[in-house]
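A look at the structure
In case you want the letters, here they are:
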Amino acid sequence: MEKYDPQKIESKWQKEWEEKKLYKTTQDKSKPKYYCLDFFPYPSGASLSVGHCRNYVPTDVISRYKRMKGFNVLHPMGWDAFGLPAENDAIKKNIHPMDAISQNVANFKRQLRLIGTSYDWEREINSTDPSYYKWTQWLFLLLYKRGLAYQAVAQQWWCPSCKTVLANEQVEDGKCWRCSSEVTKKGLKQWFFKITAYADRLLFDLDKIDWPEKIKLMQRNWIGRSEGLIINFKIGSEIIPVFTTRPDTIFGATFLVLAPEHPLVKKIVSSQQKAEVLRYTEATKKKTEIDRLSEEREKTGVFTGSYCINLLNNKSIPIWVADYVLLTYGTGAIMAVPAHDERDFAFAKKFKLSIKEVIKPTKGYQSEFPAQVFTEKGKLINSGTFNGLTSEQASEKIAQTVEKNGWGHKKVQYKMRDWLISRQRYWGAPIPMIHCEKCGTVPVAEKDLPVLLPRLTDFEPSGSGRSPLSRYPAFVETACPACGGKAQRETDTQDGFACSSWYFLRFVSPHHENFAFEKQATKYWMPVDLYVGGAEHAVMHLLYARFYTKVMYDANLISFDEPFTKLKNQGMILASNGRKMSKSLGNVVTPDETVEKFGADALRMYELFIGPFEQEIAWNDKGIRGTRRFLDKYWNSIFDTDKSAGDSQDREIVSLKNKTVKKVGEDIEKFKFNTAVATLMEFLNKILGNKNNLSSKVKNDCRKTLTLMLAPIVPHITEEVWQRKYGDKSLKWSVLQQNWPSYNDKLIQNEVITLVVQINGKTRGTIAIEKNTEQDEAQKIILADNKFRKYFDRRKIKKIIFVPGRIINFLLL
RNA sequence: GGGCGGGUGGCGGAAUGGCAGACGCGCAAGACUUAAAAUCUUGUGAGAGCAAUCUCGUGAGGGUUCGAGUCCCUCUCCGCCCACCA
């Protein structure tokens, strides 16, 4: 008998599938559609690891499974090739990003083929193709025309190593998300997208999508919606508006705090305090974010020497400056209520400011004022006419009073800021805007898109705050689209996330020329039914893509406003020592070496079997032997010549077969791939264990069904088996074109079942009885059984708990 | 500090409130072999016993239940996310 030789059959079938275009996808209206998408990768490393395969193998299994279930499946792949990662990689290699990318793409693609993925490569896209970024630019103009793109000068996160500004989402712990350098702030004129205008919809629509709760929560926290009140405090003829979510505590406001960067600081500071305040604000400016964080929230601040009036009680309170108040949230100023806010409490204690209690705990709490801060809601005291009201009632009443008197207004506040989209880097889609001395900032005419990114040899960022493109007059100098006069192009490029915010739409009609996508095709394919990738994009890509989708929906370009119906995050694969796989540590395991040793099918199966899909897990070099052994056993079981045959185990195995079909299908749908594989292993073990006690009809049926169930998981070996053993000459030549096996619920139930016997709650054994045995009958059998008789000697039965088909529990006196 | 997960053999992990440890790795013994690898068979939570069996056992302690890895409370340890957002 021929041995299982993956090296021989795998490449053969990969070629065959490609030649016969098995995975070419068209709009087939006779079938339900299923759009199964991976996060498209950055081709910024030289090679994929087995960690990447944890994403691509399961989606491939789902795609194949859904095809066998009769769905028309769209399963495409493309490259997110603009942006910092690709450019940094190219600079490191000292080659042009375009060349680095085409090398990497070629290798990734080879690796994806090597592991037997079923992508429709005719739909491959690359975000750096002018035919692609033309539409990235078109969408920029769409946002601009809808009032959602604007330029503003502001203090922005600046990465001194990447030499560009960064979005808020791209700063982690005060460090650049790409290179981990400490970020600083820099004042520059930048382009923003007004994502805040969509904050509420981005928040509330989370309720209607099937995403991991963890990711939804992260988005909710990121958006950070809170309802509150803007209240003005008076200082001479000036007013200082503050934002609060606790209007009920306003009578407890014993001082006011401004952020050090607040524009009013200079105006209101008293002459005695001027020097000290200036020293403090200058010191704050020099601090990096890391410095601020490392101080462990020890409060710092200075008195301005000025006072303002709380309009609700006409009391005068001092104004301080402190860096625990952020300029960028609310109004950059707060009313401090030390009795009922932790931070204000700490500040008041440190600087010996007065603390006034205005909220009493309702029953259940003991007030520990003034030793401790009470931040919960309660009943008002020391609050004039509002005394006795609950926090909720008072908040509403006070808000009404404030609005009536024109002292302020209700306000919904978000933590999320607008999306900073400009990058002072070369490798991105140029922002399609033109600056004209006469006409101001003018969009590029749609007919002139794309604004091509020139191929430069010197594209290193200068650090001047201007993009390398600004050094190329041939790019910069142009004519104004409005007046025809001399004008300059915008030289900033778009954040790479702009490209990935709409790519899922390009796949439905990747070669369409007249528009970003064919509307008809989006109606058939969108939204994406299943989207799979790492959890690290929770608040970046996944938020931006939702935002773009809603903008396009509002512009009547598409008919859905959430792009990804169901989202799943795969767990990361770590090196065998539990550390991250990385090139610098030299512990990256590639699919290439693994396929060479064990075959692609064994790799695929192990990727699923290694552990729960969403869980981070360490690669085990030896574990994969198990799946390879399984495939050897499976192969041998198919081509083994039968020796003898009975039929004594037929009924049991048929039941098991039906059970297995049910369980494997359900597990795949629930992303429980590890137990799906375990179930298949168990099934084969059982067939092999009973092979001499099975009729050849049942044996053959089991093997054929097993082959079909294995087909999505290990497509090469099952294809070979199918062709050799079960294939006919029909049009459906491939095992992957067969129907997923069905099961019969009635056959799953065995006639004889195992009943667990417990005495006083302790398991003492099992008995095999007929399925529908009643309690009385079961009791009789057990009492007559030698095994159990001894437990009943000289003891009375007090009570019996009987769960049919499961358990019988005798409670004895 | 806040939020969300999670602690089960030597290891990865299974387990609608109903035989804890499926499946796999590893390990041990045996078969095959001159030998090794591969393969096959058997065993493999701890303790006691020749054995049938018995006792203990899912981070710690308590509770609910005929019955708890699973539900409730208290504690503890680990991981991730957010982190002065008024």
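Residues numbered from 1 in each chain as written. Chains lettered and ligands numbered in written order. Predicted model: local features only at pLDDT ≥ 70, side-chain atom pairs only at ≥ 80, totals over all residues. Heavy atoms only, no water.

Observations regarding the protein's contact with RNA strand B
- For RNA strand B, the set of nearby residues contains 49 residues, the closest of which are Arg343, Lys415, Gln615, Arg629 and Arg806.
- Separating a base oxygen of RNA strand B from a side-chain N or O atom of Asn809 is a distance of 2.5 Å.
- Of all the secondary structure elements, the ones that give two or more residues to the surface near RNA strand B are α7 (213-223), β11 (238-244), α20 (623-639), α22 (673-689), β30 (752-759), β31 (762-770), β32 (797-803) and β33 (807-812).
- It is α22 that provides the largest number of residues to the surface near RNA strand B, a total of six residues.
- Class assignment of the residues belonging to the surface near RNA strand B gives a composition of 20 nonpolar, 14 polar and 15 charged. (Near = heavy atom within 4 Å. Polar contact = N/O pair within 3.5 Å; in protein donor to acceptor, adjacent residues only side chain to side chain. Helix = DSSP H or I, 4+ residues; strand = E, 2+ residues; numbered from the N terminus. Nonpolar A, V, L, I, M, F, W, Y, C, P; charged D, E, K, R; others polar.)

So, the pattern of salt bridges
- Summed over the entire model, instances satisfying the criterion amount to 46 salt bridges.
- Residue Glu18 is joined to Arg113 by a salt bridge in which the shortest nitrogen-to-oxygen separation is 3.1 Å. Taken together, the residues Glu18 in helix α1 (residues 6-19) and Arg113 in helix α4 (residues 97-114) connect sequence positions 95 residues apart.
- You can call Glu18 partly exposed: its relative accessible area is 43%.
- Judged by relative accessible area, Arg113 falls into the partly exposed class, the value being 30%.
- The shortest N-O distance in the salt bridge between Lys566 and Asp210 comes to 3.3 Å. One end of the pair, Lys566, is in the loop between α17 (541-554) and β27 (567-569); the other, Asp210, is in the loop between α6 (199-204) and α7, with 356 residues separating them in the sequence. (Salt bridge = Lys/Arg side-chain N within 4 Å of Asp/Glu carboxyl O. Buried < 20%, exposed > 50% of the residue type's maximum accessible area, 1.4 Å probe, protein only.)

As for the sheet that holds strand β9 (residues 184-193)
- In space, the four strands of this open sheet follow the order β6-β5-β9-β19, with antiparallel pairing throughout. Two strands lie at the open edges of the sheet, namely β6 (164-165) and β19 (419-420), each paired on one side alone.
- Examined bridge by bridge, strand β5 (residues 149-159) and β6 share two bridges and lie antiparallel to one another. Directly across from Cys159, in β6, lies its bridge partner Thr164. (Pairing = 2+ DSSP bridges.)

Here's the deal with the pairing of strand β26 (residues 530-533)
- Alternating positions in β26 separate into two faces, Leu530 and Val532 on one and Tyr531 and Gly533 on the other, with burial throughout.
- With three bridges joining them, strand β1 (residues 33-38) and β26 adopt parallel strand pairing. By the bridge assignment, Asp38 is partnered in β26 with Val532.
- Sheet topology note: the β26/β27 ladder contains three bridges and is parallel. Looking at β27, one finds that Gly533 is bridged to Asn569.
- Following the chain from β26 across α17 to the adjacent parallel β27, one finds a crossover that is right-handed. (Right-handed = clockwise from strand over helix to strand, strands pointing away.)

As for the packing of α7 against α17
- Direction vectors running N to C along α7 and α17 enclose 75°, while the axes themselves pass 11 Å from each other. When the axis of α7 is compared with that of α17, the two are roughly perpendicular. Contact residues: α7 offers Ile215, Gln219, Trp222 and Ile223, while α17 offers Leu542, Leu543 and Arg546.
- Classifying every residue of the contact of α7 with α17 gives five nonpolar, one polar and one charged. (Axes fitted to C-alpha atoms, helices over the stretch in contact; angles between N-to-C directions. Parallel < 35°, antiparallel > 145°, perpendicular 65-115°, else oblique. Contact = heavy atoms within 4.5 Å.)

A word on the UniProt feature "domain: Methionyl/Leucyl tRNA synthetase" (unreviewed entry) in chain A
- The positions UniProt marks with the feature "domain: Methionyl/Leucyl tRNA synthetase" (unreviewed entry) are residues 41-183.
- Helix makes up 44% of residues 41-183 and strand 17%, with an end-to-end C-alpha separation of 26 Å. (UniProt positions renumbered as here; feature names shortened; annotations may be inferred.)

What to know about the sheet that holds β26
- On the basis of which strands lie adjacent, the open sheet formed by four strands has the order β2-β1-β26-β27 and parallel pairing. Pairing within the sheet leaves two strands with one partner each, and these edge strands are β2 (72-74) and β27. Strand-to-strand, the axes of this sheet are offset by a mean angle of 20°, without reference to chain direction.

A short note on the packing of helix α23 (residues 696-710) against helix α24 (residues 715-726)
- One way to put it is that α23 packs onto α24 with a least axis distance of 9 Å and a crossing angle of 145°. The crossing of α23 and α24 is left-handed. Contact residues: Asn700, Arg703, Lys704, Thr707, Leu708 and Leu710 in α23; Thr718, Val721, Trp722, Lys725 and Tyr726 in α24. (Left-handed = near helix turned anticlockwise from the far one by under 90°.)

Comments concerning helix α12 (residues 391-404)
- With 14 residues, α12 should reach 20 Å at 1.5 Å per residue; the first-to-last C-alpha distance of 20 Å fits that figure.
- Of the residues making up α12, those classed as buried are Ser391, Ala394, Ser395, Ile398, Ala399 and Val402. Considered in projection along α12, the buried side chains sweep an arc of 135° and stay on one side of the axis.
- In the core, the buried residues of α12 are packed alongside β10 (226-235), β16 (359-360), β17 (379-380) and β18 (408-413).
- One or two steps after α12, the chain reaches Gly406, where phi turns positive at roughly 70°. (Expected span 1.5 Å × (residues − 1). Arc of directions from axis to C-beta.)

Description of helix α5 (residues 130-145)
- The end-to-end C-alpha distance of α5, which contains 16 residues, comes to 22 Å, matching closely the 22 Å that a straight helix rising 1.5 Å per residue would cover.
- Among all positions in α5, only Tyr132, Tyr133, Trp135, Thr136, Gln137, Trp138, Leu139, Phe140, Leu141, Leu142 and Leu143 are buried.
- One or two steps after α5, the chain reaches Gly147, where phi turns positive at roughly 75°.

A closer look at the environment of Glu446
- Looking at where Glu446 falls in the secondary structure, it is placed in the loop between β22 (440-443) and α13 (473-476).
- Sequence separation between Glu446 and Ile91 is 355 residues, and the spatial gap between their C-alpha atoms is 33 Å.
- Apart from the residues lying within four places of it in its own chain, the contact partners of Glu446 are Trp138, Leu141 and Lys145.
- Engagement of the side chain of Glu446 in a polar contact is seen with the side chain of Trp138, the distance being 3.0 Å.

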